[in-house]
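What follows is the residue order along each chain.
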Amino acid sequence: MDKLLNKFASIAVNLYPRLIQWKKETGKKIIGCFPMYIPEEIIHASGMLPITLLGSDDELTLADQYVHPYICQLVRGNFGLSLKGELDFLDGIIFSDFCLTVQMISDIWIYHKPGGFYHQLILPKNMSASHTKRYILQQFNGLKKTLEKLSGRDISESSLKKSISIYNENRKLLHRLYQVRRANPCLFRARDMATVVAAGMLMFKEEHNMLLSELLYHASKAIPLSDGKVRLILSGYLCDMPELDVLDLLEELGAVVIDDDLYVGRRYFHTLTDESINPMEALVERFVEDVPCPTKLNQKRDWADYLSDLVKEAKADGLVSVALKYCEAHQYDFPVLDTSLSQGGVPNLMIESSHRGATGQLRTRIQAFLETLGGRDGN
Amino acid sequence: MLSNGFYVAGIDMGTAFAKVVVLNGYGIISSRVLPAGKNYLETAEKVMQAALNKTGVNMTDIASIVATGNGAANVSFACQQVSDMSCQARWARHVFPSTMAVIDIGSQSTKVIKLDEQGRMKEFITNEKCAAGNGRFLQVIAYVLGVPLDEIGPLSLKSEKVVKFTNSCAVFVESEVISRVAEQQKKEDILAGVHASIAAKVASLVQRIRSEGKHVLAGGGARNIGLVRSIKEKLDCPLLVPDEPQLTAALGAAFIAWDGLQQE
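Residues numbered from 1 in each chain as written. Chains lettered and ligands numbered in written order. Predicted model: local features only at pLDDT ≥ 70, side-chain atom pairs only at ≥ 80, totals over all residues. Heavy atoms only, no water.

1. Some points on the sheet that holds strand β5 (residues 80-81) of chain B
Residue and element names in this part refer to chain B. Sheet architecture is open: five strands sit in the order β3-β2-β1-β4-β5, paired in mixed fashion. This sheet does not close on itself; its edge strands, each paired only once, are β3 (27-35) and β5. Sheet topology places strand β4 (residues 62-68) next to β5; two bridges connect them, and they run parallel. Bridge pairing in β5 places Val-66 opposite Gln-80. (Pairing = 2+ DSSP bridges. Helix = DSSP H or I, 4+ residues; strand = E, 2+ residues; numbered from the N terminus.)

2. Considerations on the pairing of strand β3 (residues 92-96) of chain A
Residues and elements named next belong to chain A. Within β3, five of the five residues are buried, leaving the element largely enclosed by the surrounding structure. Covered by surrounding structure in β3 are Gly-92, Ile-94 and Ser-96 together with Ile-93 and Phe-95, the residues of both alternating faces. Where strand β1 (residues 30-33) and β3 come together, three bridges link them in parallel fashion. Residue pairing in the sheet places Ile-31 in a bridge with Gly-92 of β3. (Buried < 20%, exposed > 50% of the residue type's maximum accessible area, 1.4 Å probe, protein only.)

3. What to know about the environment of Ile-71 of chain A
Residues and elements named next belong to chain A. As for its placement among the helices and strands, Ile-71 is situated in the loop between β2 (49-52) and α4 (73-83). Placed 239 residues apart in sequence, Ile-71 and Leu-310 show a C-alpha to C-alpha distance of 30 Å. Apart from residues lying up to four places away in sequence, Ile-71 is in contact with Arg-76, Thr-101 and Tyr-326. (Contact = heavy atoms within 4.5 Å.)

4. Remarks on the packing of aromatic side chains
Here a ring pair, both rings aromatic, is described through the centre-centre distance and the interplanar angle of the planes. All names here are of chain A. Here the structure, examined in full by the defined rule, presents 13 aromatic pairs over all chains. Taking the centre distance of 5.7 Å and the plane angle of 65° together, the rings of Trp-22 and Phe-204 count as edge-to-face. Of this pair, Trp-22 sits in helix α2 (residues 16-26) while Phe-204 is found in the loop between α8 (190-200) and α9 (205-221), placing the two residues 182 residues apart along the sequence. Residue Trp-22 is classed as buried on the basis of its relative accessible area, which comes to 15%. The ring of Tyr-37 carries Lys-296 above its face, with NZ or CZ at 3.9 Å from the centroid. The side chain of Lys-296 reaches across the aromatic face of Phe-287, ending 4.0 Å from its centre. (Phe/Tyr/Trp six-rings, centres within 6.5 Å; stacked < 30°, edge-to-face > 60°. Lys NZ or Arg CZ within 6 Å of the ring centre and 35° of its normal.)

Written out as structure tokens, the structure is:
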């Protein structure tokens with residue numbers, strides 16, 4: 001199983017050199033998608049490979065010449081890679097406007113890297129207005145038309161249905177893997193889970209499904225490990241790769257992550273697409289009904305309720321929520337989330353991550369939080 | 001249950017100072033504070049030896065040692081590591097049983113630790129954003145003004161016209177202080193302004209964590225009488241100040257070491 005996990009990790013960490021090689025061998029086109037809500041199934045149905053642009057941890061990027069210092073590492077990292085030419089292998093990039101930073105960066109990006117293929121998917125914030133779904137459908141149809149032009153291939157209803165089915169299969173496999181993790185949490189390190197999910201964002205789902213099936217086969221046979229650790233739900237990193245050092249730190253201090261609400265985690269695969277209705281409409285439904293998100297308004301479920309339920313279902317001791325530094329959408333939600341969770345009896349710790357390694361102060365805060373949950377001290 | 005004759009120790013490896021308290025069932029045997037060097041383990045060994053010096057107690061006589069503070073992980077001779085928040089809570093519970101929160105002004109960070117009715121740590125908050133609420137900031141300002149650290153508190157009490165600082169970044173405030181010095185502003189007025197600025201940050205932490213009731217001040221910052229007065233002015237709640245606030249985390253760590261032996 002370790003060998004398999006290493007394979008996922010090498011795909012997730014290696015990022016682009018592997019894809020450049022893959023493109024040479026297969027001759028297929030690759031489309032880079034900004035997280036979080038691009039309907040990848042449409043790209044997949046056009047025969048092109050959708051990958052998620054997860055940024056870079058490079059501290060010094062060329063991006064600093066063109067953007068102000070208070071933007072998040074995801075956008076800064078992606079833009080920096082592009083300026084360095086490391087994304088030149090992509091046949092197109094799809095932006096979305098889920099936050100102000102991503103909305104603004106698309107124009108700056110296109111201005112400084114002209115000539116590429118770009119599409120801006122402008123999605124609504126309000127999930128419950130009478131025209132919401134109609135508008136999203138228009139946007140998705142526009143994306144479909146653009147992709148048909150780029151790939152030179154019509155996207156038929158049946159091919160889209162097939163892609164949706166492959167994506168759903170991927171989500172179901174990940175659901176099963178997460179069930180195994182809940183039952184036997186010490187089997188996986190949190191970084192393993194993140195790289196398992198991230199690998200799927202960088203390869204065809206058919207191939208990922210095969211790897212996942214193999215992993216599930218081994219994982220379900222593994223002997224349950226007893227732990228005596230503080231059981232945590234990890235929430236946050238809403239559109240970026242979690243910082244692996246921080247995940248390691250949680251474990252080093254005596255916690256085990258038993259489930260999560262991470263983008264590179266449950267948030268990515270939680271919601272299935274309805275296969276019984278028109279496929280384009282089903283993708284719209286998925287977008288509207290997806291897990292609660294601070295960039296969406298008037299969703300049916302409240303985020304704090306969703307998280308409380310997750311904590312209760314998984315029988316977790318507490319929740320750690322990590323916001324990417326300068327992520328306004330997420331941090332505006334922190335006070336109300338903190339109040340609602342605390343009132344609901346869910347102990348929680350809200351921290352900020354800048355993808356610059358785990359500091360001593362962060363260590364102390366996590367350690368003290370775990371101690372309040374009955375961890376290692378004698379208090 | 002152990003006899004009272006057993007020795008335990010708490011060691012608090014802060015970023016500015018290393019502190020040790022040795023105690024047994026009858027009380028505190030010895031305590032020591034040394035400036036933190038560049039090597040945590042070396043400093044830890046040094047401060048431990050200094051604390052044991054002339055007590056007749058040897059390292060091998062100590063049944064349990066708990067380490068806390070930023071450098072706790074480096075204290076290889078400790079039996080257990082505990083966060084300084086838990087140590088402060090444990091100390092406060094013992095020394096001021098009726099207190100509901102501890103305000104800890106350390107060199108590296110300022111924290112407010114909220115306690116429950118039983119005196120256990122319930123919640124905490126730290127000034128994760130900025131260094132301008134920390135003890136280290138005071139050290140920098142004292143250096144800039146050429147005033148020994150121990151004298152800045154009493155000197156600031158002489159102020160008749162507090163200088164206002166608007167910057168929230170410690171490094172920028174440092175240059176602001178240099179500008180005020182160049183403008184011939186009095187040192188005591190500048191110091192009173194710096195204290196007021198830290199006190200405002202402490203009060204904001206107290207508001208954010210919504211702690212009520214009796215608060216107790218701890219950490220090296222609480223040795224500064226000027227800062228203590230500023231904080232008292234900003235807070236609406238009663239504030240207690242111990243005699244040796246710098247030792248509170250080490251003392252709490254020693255209590256936790258003692259508790260651990262009792263449970264065994």
